[in-house]
Amino acid sequence: MPVAGANRVEIFDVITRLIDLRSFSNLWYWIALAAIWSSASHWVMGVPWDMVGRARRKGGDAAADLVQIAGVNARRLNRIRGDAGVSMAVSIPFLLSFLIITGFVYGSETAQAFALLLVPLMLVFGLSLRLAIRLEDALTSGAGAEFVIAALSRHRISIQTVGVISIIVTSLWGMFQNLRISLMV
């Protein structure tokens, strides 16, 4: 005669196996990693990359639109930096330090996973803030679409470089963690 509580335990075991809380063995983590870097590479400082390509190919109105959107996004990032710069300069390093120490000193796999996502993204954010300063200064002094296209292209290459290095490091660390845990079992 089956016991009523046994079914609940089996269902809980099935759900626990489906939702693996270990980050590096979870497919959703790797999907999120790919989606984040794909999005970061497509939205260069808030400007969709297809808009940069269209401005490069067609010029005219497409180039003027690109200059306007790049200027708006540069001013927006500079306002964010001006309004919340001090609090970001304190809270972001605190959060990243917390994740790095919790993950790599105390061994929390979830903290390691978040650190391997957020540290490179904060590097990209810093590069974007630096570009926003240069772009706003250049656009106020009359720089044209060629400057904006070149600056956004260089910035995209740096984002992709950081992304590729991040994906490689995260993959190697994730494989190491999965091998280490599978050998312990």
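See the structure shown above.
Residues numbered from 1 in each chain as written. Predicted model: local features only at pLDDT ≥ 70, side-chain atom pairs only at ≥ 80, totals over all residues. Heavy atoms only, no water.

Examining the nonpolar core
Our working rule: Residues belong to one nonpolar core when they are buried, are Ala, Val, Leu, Ile, Met, Phe, Trp, Tyr or Cys, and are joined through side-chain atoms within 4.5 Å. Only protein chains enter the area calculation, which uses a 1.4 Å probe; residues under 20% of their type maximum are buried, those over 50% are exposed, and those in between are partly exposed. Think of it this way: any DSSP run of H or I at least four residues long counts as a helix, any run of E at least two long counts as a strand, and we number them from the N terminus. Every residue pair with non-hydrogen atoms within 4.5 Å of one another is taken to be in contact.
One finds Trp-37, Met-45, Val-47, Val-52, Leu-66, Leu-135 and Leu-152 to be the most contacted residues of the largest nonpolar core, which totals 32 residues. Counting residues per element, the ones that place at least two in this core are α2 (27–42), α3 (49–58), α4 (60–105), α5 (109–140) and α6 (145–184). At 8 residues, the largest contribution of residues to this core is made by α5. With sequence-adjacent residues up to four places away left out, Val-52 is seen in contact with Val-47, Leu-66, Ile-149, Leu-152 and Ser-153.

Notes on α4
What counts here: Each helix should span, by expectation, one fewer than its residue count multiplied by 1.5 Å. Think of it this way: the bend at a residue is just the angle between two axes, each fitted to seven residues, one set ending at that residue and the other starting at it.
With 46 residues, α4 ought to run about 68 Å at 1.5 Å a step, yet its terminal C-alpha atoms sit only 55 Å apart, falling short of that. Considering bend angle alone, the principal kink of α4 is centred on Ala-84 and spans about 75°. Immediately beyond the C-terminal end of α4, within one or two residues, lies Gly-107, with a positive phi of roughly 85°.

A short note on the pattern of salt bridges
Rules: Throughout this description, the term salt bridge denotes a Lys or Arg side-chain nitrogen within 4 Å of a carboxyl oxygen of Asp or Glu.
Applying the stated rule across the entire model yields 1 salt bridge. Here Asp-50 and Arg-54 are joined by a salt bridge, their closest N and O atoms 3.3 Å apart. Within this pair, Asp-50 and its partner Arg-54 are both found in helix α3, separated by 4 residues, close to a single helical turn. When its relative accessible area of 38% is taken as the criterion, Asp-50 is described as partly exposed.

Details of unusual backbone geometry
Backbone geometry places Met-45, a non-glycine residue, at a positive phi of 55°. Examined against the element boundaries, Met-45 turns out to sit in the loop between β1 (43–44) and β2 (47–48).

Quick word on the side chain of Asn-73
Definition in use: In protein, a polar contact requires one atom able to donate a hydrogen and another able to accept it; more generally it is a pair of N or O atoms within 3.5 Å, and residues adjacent in sequence count only if both atoms are side-chain atoms.
Summarising the element assignment, Asn-73 is placed in helix α4. Within the local environment of Asn-73, its side chain forms a polar contact with the backbone oxygen of Gly-46, the two atoms lying 3.2 Å apart. Not counting residues up to four positions away in its chain, the partners in contact with Asn-73 are Met-45, Gly-46 and Val-47.

A closer look at the side chain of Gln-112
If you trace the backbone, Gln-112 turns up in helix α5. Polar side-chain contacts of Gln-112 include one of 3.1 Å to the side chain of Gln-177.

Here we look at the environment of Arg-154
Examined against the element boundaries, Arg-154 turns out to sit in helix α6. In the structure, Arg-154 is positioned 23 residues away from Leu-131 in sequence and 10.0 Å away in space, judged by C-alpha atoms.

What to know about the packing of aromatic side chains
To be explicit about the condition: In this scheme Phe, Tyr and Trp rings, the latter by its six-membered ring, pair at centre separations within 6.5 Å, and the angle between planes marks the pair as stacked below 30 degrees, edge-to-face above 60, and tilted otherwise.
Per the stated rule, a full pass over the model turns up 5 aromatic pairs. For the ring pair Tyr-29 and Trp-30, a centre distance of 5.2 Å and an interplane angle of 80° mean the geometry is edge-to-face. A residue is classified by how much of its surface remains accessible, and Tyr-29, at 9% relative accessible area, is buried. Three or more aromatic residues joined by ring pairs make a cluster, and in this case those are Phe-24, Tyr-29 and Trp-30.

Quick word on the environment of Ala-64
Take Ala-64: it is sitting in helix α4. Judged by relative accessible area, Ala-64 falls into the partly exposed class, the value being 41%. When the C-alpha atoms of Ala-64 and Gly-144 are compared, they prove to be 8.5 Å apart, with 80 residues separating the residues in sequence.

Some remarks on the packing of α2 against α5
For the record, the criterion: For every element, the axis is a line fit to its C-alpha atoms; helices are fit only across the contacting stretch, and the angle between N-to-C directions ranges from 0 to 180 degrees. Orientation is classified from the angle alone, with under 35 degrees giving roughly parallel, over 145 giving roughly antiparallel, 65 to 115 giving roughly perpendicular, and any other angle giving oblique. Ten residue types, Ala, Val, Leu, Ile, Met, Phe, Trp, Tyr, Cys and Pro, are classed as nonpolar, four, Asp, Glu, Lys and Arg, as charged, and the remainder, Gly among them, as polar.
Here α2 crosses α5 at 0°, and the two axes come no closer than 11 Å. Classed by the angle they form, the pair α2 and α5 counts as roughly parallel. The segment α2 lies against α5, with Tyr-29, Leu-33, Ile-36 and Trp-37 engaging Ala-113, Leu-116, Leu-117, Pro-120, Leu-121 and Val-124. A class-by-class count of the residues in the contact of α2 with α5 yields 10 nonpolar, no polar and no charged.

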